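# Fold and contact review
Residue strings, one per chain:
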Amino acid sequence: MTGQADEAENEDRGRPGRSTRTYWAAGSAVGLALLFAVGATVAAASDSGGSGSSGTSSRAPGRYSPDAGFARDMAVHHQQAVEMSFIVRDRTEDEPVRSLAYDIANTQANQRGMLLGWLDLWGLPKVIADEPPMSWMAASDGETGEDAGAGGDAGAGGHHGHDMGAAKPGALMTGMATKEELAALGAAQGRDAEVLYLQLMTDHHKGGVAMARGCARQCVTPAERALAQGMVEAQQSELTLMADMLKQRGAAPRG
């Protein structure tokens, strides 16, 4: 009976069930997000340098606008996801985890380049020393994305006065891993590395989804709002996939 049960379990793990279907759905979402991002970059160039004939302002977003803040913060957020994905690639031989890590690294590296490219197009710095992470999400009462977005820095004073309070101790932004967690991932092997990566990336995606939703609400550059919404949809699909993968390994998301 034990041999039959083991054989059945192996067959079940190889069967294209819900997790596999979710994987393909997530993969499709990632691919669509990449295509969306490429088009968004071209559109952003037109929006920032054009005459405004598309119905948007021809002025670049302000230094402390949600558009610029999201581009800066999400570029940093994405960089850690790429780093974790490269780490786990060398810590396990599990093909589904390695494939997921490759997709995340490839997608987020490309999106990071686009976000930094927008900042260049807008003539804005990639780092501002006195800007707290995610401060652009804390708009003043009654202030909309349109009020703080294109043109000047109307939202700067309001943004700097708020403390988001969402990042855990030792983490730069919501969902990001600490140095200790990255070190633990680098020291893990096999199933332990797979589980820790999936747990850390689940937290990371949840933080990323919250940030992307903030841009989808507040950013005034249409292309950037569209890209942010694409991030929300793709990462939500991957969250479902990662929950299934953790369950297959006898684990669950943290918290």
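Keep in mind the model is a prediction, meaning the values are calculated, not measured.

What counts, and at which threshold
Residues numbered from 1 in each chain as written. Predicted model: local features only at pLDDT ≥ 70, side-chain atom pairs only at ≥ 80, totals over all residues. Heavy atoms only, no water. Salt bridge = Lys/Arg side-chain N within 4 Å of Asp/Glu carboxyl O. Helix = DSSP H or I, 4+ residues; strand = E, 2+ residues; numbered from the N terminus. Buried < 20%, exposed > 50% of the residue type's maximum accessible area, 1.4 Å probe, protein only. pLDDT = per-residue confidence, 0-100. Contact = heavy atoms within 4.5 Å. Disulfide = S-S within 2.5 Å. Phe/Tyr/Trp six-rings, centres within 6.5 Å; stacked < 30°, edge-to-face > 60°. Polar contact = N/O pair within 3.5 Å; in protein donor to acceptor, adjacent residues only side chain to side chain. Core = buried A, V, L, I, M, F, W, Y, C linked by side-chain atoms within 4.5 Å.

### Focus on the pattern of salt bridges
Within the structure shown, the criterion is met by nine salt bridges. The shortest N-O distance in the salt bridge between D94 and R249 comes to 2.8 Å. Here the residue D94 occupies a position in the loop between helix 3 (66-89) and helix 4 (95-122), and R249 occupies one in the segment after helix 9 (222-248), the gap between them amounting to 155 residues. Judged by relative accessible area, which is 16%, D94 ranks as buried. Residue D120 is joined to K126 by a salt bridge in which the shortest nitrogen-to-oxygen separation is 2.5 Å. A single network of salt bridges, built from pairs that share partners, joins K168, E181, D203 and R254.

### Thoughts on the confidence of the model for the protein chain
Counting all residues, the mean pLDDT for the protein chain is 78, and 66% of those residues have values of 70 or more. Taken together, the stretch residues 140-165 has pLDDT below 50 and engages in 53 contacts with residues farther than four places along the chain or on a different chain.

### Points about the state of the cysteines
For the coordinates displayed, the defined rule picks out one disulfide. Paired by a disulfide, C215 and C219 hold their sulfur atoms 2.3 Å apart. Because the sign of the S-S torsion sets the handedness, a value of about -120° for the bond joining C215 and C219 places this disulfide among the left-handed ones. As far as burial versus exposure is concerned, C215 and C219 are alike and both buried.

### Comments concerning unusual backbone geometry
Positive phi, normally seen in glycine, also occurs at M134, with a value near 65°. Among the structural elements, M134 can be located in the loop between helix 4 and helix 5 (145-148).

### Examining the packing of aromatic side chains
Counted under the stated rule, the structure contains two aromatic pairs. A centroid spacing of 5.7 Å and a plane angle of 80° characterise the contact between F70 and W136, whose relative ring orientation is edge-to-face. Placement of F70 in helix 3 and of W136 in the loop between helix 4 and helix 5 is noted, with a sequence separation of 66 residues between them. A ring pair is formed by W118 and W122, whose centres lie 6.1 Å apart and whose planes are at 25°; its orientation type is stacked.

### Concerning the side chain of Q218
Relative to the assigned elements, Q218 resides in helix 8 (residues 190-218). One polar contact links the side chain of Q218 to the main-chain carbonyl oxygen of M137, over a distance of 3.3 Å.

### A look at the environment of A188
Mapped onto the elements of the fold, A188 is located in the loop between helix 7 (179-187) and helix 8. C-alpha of A188 to C-alpha of T92: the two residues are 96 residues apart in sequence and 9.0 Å apart in space. Beyond its immediate chain neighbours, meaning those up to four positions away, A188 contacts R91 and A193.

### Re the nonpolar core
Ranked by internal contacts, the top residues of the largest apolar core, which has 50 residues, are F70, M84, L115, Y197 and M211. Listing elements by their share of this core, those giving two or more residues are helix 3, helix 4, helix 7, helix 8 and helix 9. In this structure M211 touches F70, D73, M74, H77, M134, W136, M137 and M173, once residues within four positions along its chain are discounted.

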